[in-house]
Amino acid sequence: MSNIVEPAADPLVRQIAARVRAERERRRWTLAQLADASGVSPAMISRIERGESSPTAVVLGKLSAAFQLGVASLLALAEGAPEPEADTPGVRRGTDAAEWRDPGTGYRRRQITGPRFPAEIAEIRLPAGARVPYPAAAFAFVRQLVWVLDGRLTFHDGDTVHELDAGDTIELGAPAERVFANTTGAECRYAVVLTRDARP
């Protein structure tokens, strides 16, 4: 229990809460309707929307799938929402980028590009032994490339498993259930590059 961070203390958790609520309300969905579409309980969604609970990567995957948004898109929208000045071209300091941490696995994600850049690029740090599954619907309407920067990534693309080392890339095809896993004893660092095919 000592590794739990108070969600209200993390501004990114509040931004994710606002984005999840905005995406639900934009579709005129009730909590129960989003719960049915995502498989996440209404109570958990309510806690996330109030900023009382930091969602795990798995929960975010289910919510983003229900919204027909990629997880990267959902997080990028949340990270960019309160700072329109960040949309302007120019230098973005690494120290200024918000980092989201999955409370379930310790997975860390840092958005590299601004919200108006035509591609979304994120840096991911996957701890030793971590495993993050996503439903197929989380990959709808997007084209995505994964580029391993350090370490080794075991990537499950549907029924196919790829062992990716530093320097390797994989371009993802049609939506499928996917798992990002680190079966080694050292951190794996990779980049996700995403472009949108069509608006949901």
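Look up a bit, the structure's there.
All of the points below concern the structure found in this document. (Residues numbered from 1 in each chain as written. Predicted model: local features only at pLDDT ≥ 70, side-chain atom pairs only at ≥ 80, totals over all residues. Heavy atoms only, no water.)

### Points about the overall build of the protein
Point 1. Looking only at helices and strands, the protein features 5 helices and 10 strands.
Point 2. The long-range share in the protein, meaning contacts at least 24 apart out of those at least 6 apart in sequence, stands at 64%.
Point 3. Of the roughly 10200 Å² of accessible surface on the protein, 51% is carried by carbon and sulfur atoms. (Helix = DSSP H or I, 4+ residues; strand = E, 2+ residues; numbered from the N terminus. Contact = heavy atoms within 4.5 Å. Areas by Shrake-Rupley, 256 points an atom, 1.4 Å probe, with all protein chains shown as cover.)

### Examining unusual backbone geometry
Point 1. A positive phi is found at R28, a non-glycine position, where the angle reads about 60 degrees.
Point 2. Inspection of the secondary structure assignment puts R28 in the loop between helix 1 (11-26) and helix 2 (31-38).
Point 3. Note on R28: relative accessible area 77%, which makes it exposed. (Buried < 20%, exposed > 50% of the residue type's maximum accessible area, 1.4 Å probe, protein only.)

### A look at the packing of helix 1 against helix 4 (residues 57-67)
Point 1. One can describe the packing of helix 1 onto helix 4 by two numbers: an axis separation of 10 Å at closest approach and a directional angle of 30 degrees. It follows that helix 1 is roughly parallel to helix 4 by the angle criterion. Read as a crossing pair, helix 1 and helix 4 show a hand that is left-handed. Touching I16, V20, E23 and R24 of helix 1 are L60, L63 and F67, all from helix 4.
Point 2. Tallied by class, residues from the contact of helix 1 with helix 4 come to 5 nonpolar, no polar and 2 charged. (Axes fitted to C-alpha atoms, helices over the stretch in contact; angles between N-to-C directions. Parallel < 35°, antiparallel > 145°, perpendicular 65-115°, else oblique. Left-handed = near helix turned anticlockwise from the far one by under 90°. Nonpolar A, V, L, I, M, F, W, Y, C, P; charged D, E, K, R; others polar.)

### Here's the deal with the side chain of D102
Point 1. Of note, D102 is situated in the loop between strand 1 (99-101) and strand 2 (108-111).
Point 2. Buried and unpaired, D102 has R101 as its nearest opposite-charge partner, separated by 8.3 Å.
Point 3. Only 3.3 Å separates the side chain of D102 from the backbone nitrogen of A57, close enough to count as a polar contact.
Point 4. Not counting residues within four places of it along the chain, the set of residues in contact with D102 comprises P55, T56, A57 and Y107. (Lys, Arg positive; Asp, Glu negative; His and termini not counted. Salt bridge = Lys/Arg side-chain N within 4 Å of Asp/Glu carboxyl O. Polar contact = N/O pair within 3.5 Å; in protein donor to acceptor, adjacent residues only side chain to side chain.)

### Topic: the packing of helix 2 against helix 3 (residues 42-49)
Point 1. Two numbers describe how helix 2 lies on helix 3: the axes approach to 9 Å, and their chain directions differ by 115 degrees. In this view, helix 2 runs roughly perpendicular relative to helix 3, as classed from their interaxial angle. Seen from above, helix 2 lies across helix 3 with right-handed handedness. Between helix 2 and helix 3, the contacting residues are L31, L34, A35 and S38 on the first element and P42, I45, S46 and E49 on the second.
Point 2. Residues of the contact of helix 2 with helix 3, tallied by class, amount to 5 nonpolar, 2 polar and 1 charged.

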